[in-house]
Amino acid sequence: MLEKKMILSSNPMKRLKTNNTDHNEDTSTGDSSKDSSSFSGLWEGLSPEILSLIFVRIQQDELVKIVPFVCQPWREVVAGPYCWSDIDIEQWCRRCNDSSKIDLVVRKLIRRSRGHFHRLSVYKLSNFGFTFVANCAEHLKALQIPMSGVTDKTVKKYVTSFAKLTFLDISNCLQITCKGLEILGNNCKSLTSLRRNMPPPEWEKDGKLPAAKSNDGEAMVIANTMTSLCQLELAYGRFGDLGLDALVTKCKNLTHLDILGSVCVRLDGDLLDKCERLMVFRGPWDHYDAFSDNDGDDNEAASGSSDSDYDQ
């Protein structure tokens, strides 16, 4: 007892906290163990659907590392389909940076969703992983696979599985060419948002950019096959004024257009006026801004997760 008083007297904040606690204990009318049991019972009585509405607000790294170890009902909810209608593991994938492990985790989480996932955000997916996604994509509406190794041949084979897509991100997917874009455009008629940002050009040793060669192929394919687009990102594209004019002319629903770094564009004639009539337009030389809400995710601190995080 004397030892407790000495500790309290050396720290006024602890003394205040302890006094408040003692006061609460003195004024309590019920048994503390009973209250604790009742509180625990309230959580255990919640349906999996309600718990999942809470858990989906937790970052998915933490969802698999912490929540399952709280209690058995929580573990069952995380292991079931309720928390996995929206699968977003792109940041973990960037830290992992191993396509074989990424494919494995994607398969595990899709199995947990029991095929009812409507959004998948992943990075560096391989052809093998893409094939598995396609076979379970009945309800999929948003697919984000930047930096993935998916090829035109694989896209052609499984494109009919993605007929319900409304949002597609194939930025930096260098093995998808004009041919793959045309296949996607001809089959994904519900598509309203496309991200096809490409890597910025490398600087030469003297600090100058190499002379860019204009290629309107991709822009023309998008303009001809994806006319329902509302939002389009084509940063660092190789198209020129011809391709850009086709985009703003044929995609009549277009409201947001990002062509940052597309140095072959000159915006001659009335092309600049056409672009500036859009709700949001970021030109080739505009400074970086918060055009996309998802860009801020890249600033998330790495937590050192490994592929074993998703083994639960």
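The residue numbers shown here count from 1 along each chain, following its written sequence. Under the rules for a predicted model, residues below a pLDDT of 70 receive no local features and side-chain atom pairs below 80 are neither given nor counted, while totals for whole chains, interfaces and linings still include all residues. Side-chain measures here rest on the full set of heavy atoms in the structure, leaving out hydrogens and waters.

Chemist: Could you clarify how one ought to interpret the overall build of the protein chain in this entry?
Modeler: By the criteria applied, helices consist of DSSP H or I runs no shorter than four residues and strands consist of E runs no shorter than two, each listed in order from the N terminus. Each helix and strand in the protein chain was counted, giving 14 helices and eight strands. Per-residue burial for the protein chain yields a buried fraction of 42% across its 312 residues. Surface exposure here means Shrake-Rupley accessible area, sampled with a 1.4 Å probe, where a residue is shielded only by the protein chains that are shown. With the model as given, the accessible surface of the protein chain reaches about 17,500 Å², and the carbon-plus-sulfur share is 53%. Throughout this description, buried means an accessible area under 20% of the type-specific maximum (1.4 Å probe, protein chains only), exposed means over 50%, and partly exposed covers the range between.

Chemist: Could you clarify how one ought to interpret the pattern of salt bridges in this entry?
Modeler: Between side chains of opposite charge, pairing is possible as soon as their charged atoms come close. A side-chain nitrogen of Lys or Arg and a carboxyl oxygen of Asp or Glu constitute a salt bridge if their distance falls within 4 Å. As enumerated under the stated definition, the model contains seven salt bridges in all. A salt bridge links Glu 90 to Arg 94, with the nearest nitrogen and oxygen atoms 2.8 Å apart. Of this pair, Glu 90 and Arg 94 both sit in helix 7 (residues 90-96), four residues apart, which is roughly one turn of the helix. Among the ionic pairs, Glu 233 bridges to Arg 195, the shortest N-O distance being 3.5 Å. In this pair, Glu 233 sits in strand 6 (residues 231-233) while Arg 195 sits in strand 5 (residues 193-195), placing the two residues 38 residues apart along the sequence. Here Glu 233 matches Arg 195 in class, with each residue buried. Connected via shared salt-bridge partners are Asp 169, Arg 195 and Glu 233.

Chemist: Just to check I follow, could you spell out empty space enclosed by the protein for this structure?
Modeler: By rolling a water-sized probe across the atoms, one finds the places where empty space is left. Computed over the protein atoms alone on a 1 Å grid, cavities are sets of points where a 1.4 Å probe fits but cannot get out and pockets are open sets with protein on both sides within 12 Å along at least five of seven lines; a residue lines them when it has an atom within 4 Å of a point. Grid points are joined across faces, edges and corners, and a volume is the space filled by probe spheres set on the points. Tallied over the full model, the rule gives one cavity of 30 Å³ or more. In this structure, the largest cavity spans a volume of roughly 50 Å³. Contributing to the lining of the largest cavity are Phe 130, Leu 143, Ile 145, Val 155, Phe 162, Leu 165, Leu 168, Ile 170, Ile 176 and Leu 184. Of the residues that constitute the lining of the largest cavity, the class distribution is ten nonpolar, no polar and no charged. Residues are grouped as follows: Ala, Val, Leu, Ile, Met, Phe, Trp, Tyr, Cys and Pro are nonpolar; Asp, Glu, Lys and Arg are charged; all remaining types, including Gly, are polar.

Chemist: Help me out: how do you make sense of the nonpolar core in this one?
Modeler: Side chains of a nonpolar character, in soluble globular proteins, are inclined to be buried together. By nonpolar core we mean a set of buried residues, namely Ala, Val, Leu, Ile, Met, Phe, Trp, Tyr and Cys, connected to one another through side-chain atoms within 4.5 Å. Ranked by size, the top nonpolar core spans 62 residues in total, and within it Phe 162 and Leu 244 carry the most contacts. Of all elements in the fold, only helix 7, helix 8 (99-113), helix 9 (127-134), helix 10 (152-158), helix 11 (178-187), helix 12 (217-225), helix 13 (241-250) and helix 14 (271-276) reach the threshold of two or more residues within this core. Tallying contributions element by element places helix 8 first for this core, with five residues. Two residues qualify as a contact provided that any one of their heavy atoms is within 4.5 Å of a heavy atom in the partner residue. Among all residues touching Leu 244, those that are not within four sequence positions of it are Phe 239, Leu 257, Ile 259, Val 265, Leu 267, Leu 271 and Cys 275.

Chemist: Explanation requested: the packing of helix 12 against helix 13 in the structure shown.
Modeler: In a pair of packed helices, the angle between the axes and the distance between the axes together describe the arrangement. Contact geometry of helix 12 with helix 13 gives a least axis separation of 8 Å together with a crossing angle of 15°. As far as their axial angle goes, helix 13 and helix 12 are roughly parallel. When the axes of helix 12 and helix 13 are compared, the crossing they make is left-handed. Contact with helix 12, carried on its side by Ala 219, Met 220, Ile 222, Ala 223 and Asn 224, involves Leu 242, Gly 243, Ala 246, Leu 247 and Lys 250 of helix 13 and no other residues of that element. Among the residues forming the contact of helix 12 with helix 13, the class breakdown is seven nonpolar, two polar and one charged. Structural elements are reduced to axes, namely lines fitted to C-alpha atoms, with helices fitted over the stretch in contact, and the angle between N-to-C directions of any two is expressed from 0 to 180 degrees. Here the word oblique covers every angle except those under 35 degrees (roughly parallel), over 145 (roughly antiparallel) and from 65 to 115 (roughly perpendicular). Take the far helix as the reference: if the near one is turned anticlockwise from it by less than a right angle, the crossing is left-handed, and if turned clockwise, right-handed.

Chemist: Would you take a moment to explain unusual backbone geometry for this structure?
Modeler: For residues that are not glycine, phi is negative in most cases, and the peptide bond is trans in most cases. A positive phi is found at Asn 97, a non-glycine position, where the angle reads about 55°. If you trace the backbone, Asn 97 turns up in the loop between helix 7 and helix 8. Note on Asn 97: relative accessible area 42%, which makes it partly exposed. Even without being glycine, Lys 124 reaches a positive phi, approximately 60°. Among the secondary structure elements, Lys 124 is positioned in the loop between strand 2 (119-121) and helix 9. Looking at Lys 124, the relative accessible area reads 23%, which means it is partly exposed.

Chemist: Just to check I follow, could you spell out the state of the cysteines for this structure?
Modeler: Covalent bonding between the sulfur atoms of two cysteines defines a disulfide. What counts as a disulfide here is a pair of cysteine sulfur atoms lying within 2.5 Å. Under the defined criterion, the tally for this structure stands at zero disulfides. Free of any disulfide, Cys 93 has its nearest neighbouring cysteine sulfur in Cys 96, separated by 6.8 Å.

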